[in-house]
Amino acid sequence: MSAPDLTPHLRPTPRPRTPPREPAVQPFHVWDLVLVFGLTAIALVGWESTFRGPGWWVAGGLAALTGILVAVTVVSARGGVEIVTLVLLIGYYLASGPIVDGTLRLDGLRTLESGVRANAEGWPILLGTHPPIDGSGAVLIAPVLLSLTSAGVGAALALRSTRAALPLVPPTLMLGAVLLLAQPEPVSVLLQGVGYGTLAMWWMRLRGLRVDEAAHGPDPARAWRLVGSVALVVVVALVAGLLASTSQPDERLLLSRRLAPYEVEKLSTPLDEFRHYTRQRGKKEGNVFNAKLFDVEGAPKGSRLRLAALDTYDGASWQADNDTDPEREDDRFLRLSTTIENPSSGKERRITVRPTANYTMPWVPTLGAVRAFQFLGSAREDAQSHLRYNPATQTAVMDDGLEKSDAYLFATGLTGGPLKQWMSPSEQLDPDLYDQAAFLQPAVDAWAVGTTYPMQALFQVAARLKKVGRYSSGFASWEAIYRPGHAKERLGDDFVLGVPTVGDDEQYAAAMALLATRLGVPARVVVGAVVPRSGTIRGKDVQAWVEVRIEDGSWRTLPTEAFMGNKPPERSAVERPKLRSFPPLQPESPKVQEPEAEEPQAEEQQEESSPDSGSGGGGVPWRWVVLLLLVLLLSAVPLAKVLRRRRRLAARRVSARYAGAWLELVDRARDLGHPVPAGLTRPAEARVVGGATGDGSLLTLAAEADSRIFGADEPPAADAAAFWALVRDHRSGLAAGVSLRRRIWALFSPSSLRPPPGDAEGR
């Protein structure tokens, strides 16, 4: 007998097939990807006023799309958020070099070196340049890095996380970074504030509903919840937009205002070296009195080409400085791209300046409000990177000096004009400068006697200084006693307060600006030259004048001829100046005050007293406020009942819809004045309500509700809808036999909104 064949029994039992895993990226994730890109784009738009040209937008947009593509690829391969972040950072550093070089070619270590150097240089250029910045080169790393990480990490979190709000973190951080790095004026408060917030709220609500459905099943009231969410977001957006358009925004924290600008105050100024431009005996080193300094083309004859505007005084010298204008955010010496936002109402001119080897100072001659600037072909290749410009003082400087080959062309709007006595001074007076000028107060008190307003006093003091003054720059050997400099000692006892009053443009302009400041008129010293017909500026053409700020914020010129004496000093007066005796003030002399200034004060007092007058001025009339409150109070109860009915009808459990329908019937009875005690069963409630209204069929409805609520199986949704229809019919019949006044009151009665004690089912 042969042995049985056991081969079939020895075969391994086949393993059951594992069902395929669902893909990590589902079709509904498309909305997440679209919205994370939209939020990143809104944040990116914040740089619109910072950059010039489309390069920054193209680079940022492509970076955002690349980040999303990387996130989808890594997550589809079951990678986590940390893998996405690592891939993004590696790709960013590999791409930094080509971005800076403007080419897609990779050149080994040189490409990586360019990327590292761009990350070190790009951020200082971004923060230290007047807008708009040319959208090319190293500055593009900022929009690329922020867009790449915002879209990439945000998309990864949206694909991997079940937290509704977590994917909002990267775009929100990018928005904060853009606001921190961008310019003082936001591109659009509505877009970056209201628009971003609205889209973020809607996305968070959409994700919240999706996550909730994944945990508890489909929500039959999803449409109503989405509509309610959209309505809420729209209301919030409208209110926020209204507040944003009517309120004054507070000062934002700007990183560019926290970084130290170019330290221009350490430079020697043309006023310090003014004797280099005056006639001197012999050939003194550095003297350029007869030498040609510049060739100027395109400037109108008689216009004032400035070397430097000096707006601070420390008791030793006038200097240029940063952050000196409280009304401007661009009052800093920063880098200058090919263009700059520097509006002016003057006619635009294109002016070319060719310096010579005789001009050795770092101050760059300009004229008016510069709008565009570029060095010509003869200039150094990196000349533009060394240029610094302050739009508030219209002063430019090279941090490594202006060389002979550095010819340049700039477009400018002509500004300024002569100062007139009828003009009113600005109220933006520097208190520190006012205190520094206190040593000249005796001259101010004596020379301004009889004037009635500041500008009149300014012209009278200027005329008096010119009358008593003499001009000397130390040309003759016997004039060596009249030293250069404009420290307090030189301007005080040795000039304004002394006899004789002798000096040149340096002393006159420095002292006149301080006298004006002491009169309450903002002033600064400017060193430059009046452009002749030939356009050739020599050392002897350089002069110093005073600029005064008037009420409209512009600066007007008080020319040197208005306050500088042109007579030479008497040769017999070779001894040091003696103190000048000033007559005492007249007791009845009027104060230096402009009459027109009293009218705005009277208007302010009237405005301050207007609220007490009861007129309501620009406020909302009280009757409208009261009417609005009444409307809100009357509509609050009916609206609460409508929302409660919607909530009961759209309950997720079908059995809960039966309970909600019955509660609607009982609440209607309470509102109509039929008391229903608390703690009763549904059949007992049906007997109470039916006895009061004569409807005996309510007991059948109560039994149907109990059988569906306490049944073993979940009833179909269609049956619940049919039950609601029956309840509506019975609910309408409850009002039969009730007076019209009671029916109307039932709409506003809060009885059913107060749950009876012991109600365990809730409403």
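Residues numbered from 1 in each chain as written. Predicted model: local features only at pLDDT ≥ 70, side-chain atom pairs only at ≥ 80, totals over all residues. Heavy atoms only, no water.

## Section: the overall build of the protein chain
Convention followed: Helical segments are the DSSP runs of H or I of at least four residues, strand segments are the runs of E of at least two, and each set is numbered from the N terminus. Note on exposure labels: buried denotes an accessible area under 20% of the residue type's maximum, exposed denotes more than 50%, and partly exposed covers the range between, all computed with a 1.4 Å probe on protein chains only. What makes two residues a contact is simply this: any of their non-hydrogen atoms within 4.5 Å. Each accessible area is a Shrake-Rupley result for a 1.4 Å probe, and residues are judged covered by the shown protein chains and nothing else.
Within the protein chain, the secondary structure is distributed over 22 helices and 22 strands. For the protein chain, the proportion of its 763 residues judged to be buried stands at 45%. Restricting to contacts in the protein chain with at least 6 residues of sequence separation, those with at least 24 account for 76%. Accessible surface, the protein chain: about 39300 Å² in total, of which carbon and sulfur atoms supply 59%.

## Here we look at the nonpolar core
Counted only if it meets this: Among buried residues, those of type Ala, Val, Leu, Ile, Met, Phe, Trp, Tyr and Cys that are joined through side-chain atoms within 4.5 Å constitute a nonpolar core.
In this structure, W318, M512 and F563 are the most contacted members of the largest nonpolar core, which totals 87 residues. Top element by residues in this core is helix 15 (residues 505-518). It accounts for nine residues. Each residue touching F563, except ones within four places of it in the same chain, is listed here: A462, L465, K466, Y508, A509, M512, A544, W545, V546 and L558. If you look at the next biggest cluster of nonpolar residues, it comprises 50 residues, including L33, V139, L157 and L181.

## Overview of the pairing of strand 20 (residues 542-549)
Let me state the cut-off plainly: DSSP calls a pair of strands paired once it identifies at least 2 bridges connecting them.
Across the eight residues of strand 20, eight count as buried, placing the element largely inside the fold. Here strand 20 shows a buried face lined by V542, A544, V546 and V548 and a second buried face lined by Q543, W545, E547 and R549. Sheet topology note: the strand 18 (residues 523-530)/strand 20 ladder contains seven bridges and is antiparallel. Across the sheet, A523 pairs through a bridge with V548, a residue of strand 20. Pairing analysis gives four bridges linking strand 20 to strand 21 (residues 555-558), with the strands arranged antiparallel. By the bridge assignment, V546 is partnered in strand 21 with L558. The antiparallel hairpin formed by strand 20 and strand 21 contains five residues in its connecting segment, where G553 sits at a positive phi of about 95°.

## A closer look at the packing of helix 18 (residues 654-671) against helix 19 (residues 682-693)
Selection criterion: Axis angles are defined between N-to-C directions and span 0 to 180 degrees, where every axis is a line fitted to C-alpha atoms and, for a helix, only to the segment in contact. In this scheme, roughly parallel covers angles under 35 degrees and roughly antiparallel covers those over 145, while 65 to 115 is roughly perpendicular and the rest are oblique. Put simply, a crossing is left-handed when the front helix is turned counterclockwise from the back one by less than a right angle, and right-handed when it is turned clockwise. Under the scheme applied, nonpolar residues are Ala, Val, Leu, Ile, Met, Phe, Trp, Tyr, Cys and Pro; charged residues are Asp, Glu, Lys and Arg; polar residues are all the others, including Gly.
Between helix 18 and helix 19, whose axes approach to 11 Å, the crossing angle comes to 30°. The angle between the axes of helix 18 and helix 19 places the two elements in the roughly parallel class. In this structure, the crossing between helix 18 and helix 19 has a hand that is left-handed. Across from A659, W662, V666 and A669 in helix 18, the residues of helix 19 making contact are R682, E685, A686 and V689. Of the residues in the contact of helix 18 with helix 19, the class split is six nonpolar, no polar and two charged.

## Side note on helix 13 (residues 454-468)
Here is the rule: Given a helix with a known number of residues, its expected span is that number minus one, times 1.5 Å. Note that the arc is defined by the directions from the helix axis to the C-beta atoms.
Taking 1.5 Å of rise per residue, the 15 residues of helix 13 would be expected to cover 21 Å, and the 21 Å separating its terminal C-alpha atoms lies within 8% of that figure. Within helix 13, the full set of buried residues consists of P454, M455, A457, L458, V461, A462, L465 and V468. Burial along helix 13 is one-sided: seen end-on, the buried residues are contained in an arc of 160°. Among the structural elements, helix 12 (441-447), strand 15 (469-471), helix 14 (488-496), strand 17 (501-503), helix 15 and strand 20 are those in contact with the buried residues of helix 13.

## Structural notes on the sheet that holds strand 19 (residues 536-538)
Taking strand neighbours across the sheet as the criterion, the five strands line up as 11-14-9-4-19 in an open arrangement whose pairing is antiparallel. In this open sheet, the two strands that pair with only one neighbour each are strand 11 (369-375) and strand 19. Across the sheet, the mean angle separating the axes of adjacent strands is 25° when strand polarity is ignored. Bridging between strand 4 (residues 292-297) and strand 19 involves three bridges; their strand directions are antiparallel. Within the sheet, the bridge partner assigned to F294 lies in strand 19 and is I537.

## Overview of the environment of A369
Here A369 shows up in strand 11. Exposure remark for A369: the relative accessible area of 2% places this residue in the buried category. Spatially, the C-alpha atoms of A369 and Q394 are 6.1 Å apart, while their sequence positions differ by 25 residues. Other than its neighbours up to four places away in sequence, A369 contacts N342, S344, Y389, Q394, A411, T412, G413 and T415.

## Section: the packing of helix 18 against helix 20 (residues 698-709)
Packing of helix 18 against helix 20 brings their axes to within 8 Å, and their N-to-C directions diverge by 155°. Accordingly, the angle class assigned to the pair helix 18 and helix 20 is roughly antiparallel. The two elements helix 18 and helix 20 cross, and the hand of that crossing is left-handed. On helix 20, the residues that touch S655, Y658, A659, W662 and L665 of helix 18 are L698, L701, A702, A705, R708 and I709. For the contact of helix 18 with helix 20, the class distribution of residues is nine nonpolar, one polar and one charged.

## Notes on a nonpolar patch on the surface
Note the following rule: Any residue with relative accessible area above 30% and no salt bridge may belong to a patch, with like charges joined within 9 Å and the nonpolar Val, Leu, Ile, Met, Phe, Trp and Tyr side chains within 5 Å. Salt bridge, as used here: a side-chain nitrogen of Lys or Arg that lies within 4 Å of a carboxyl oxygen of Asp or Glu.
Among the surface-exposed residues, L634, L740, I744, W745, L747 and F748 lie close enough to one another that they form a single nonpolar patch of about 610 Å² accessible area. Element by element, the count of residues in the nonpolar patch is highest for helix 22 (residues 740-748), at five residues. Structurally, the position occupied by L747 is in helix 22. Judged by its relative accessible area of 48%, L747 is partly exposed.

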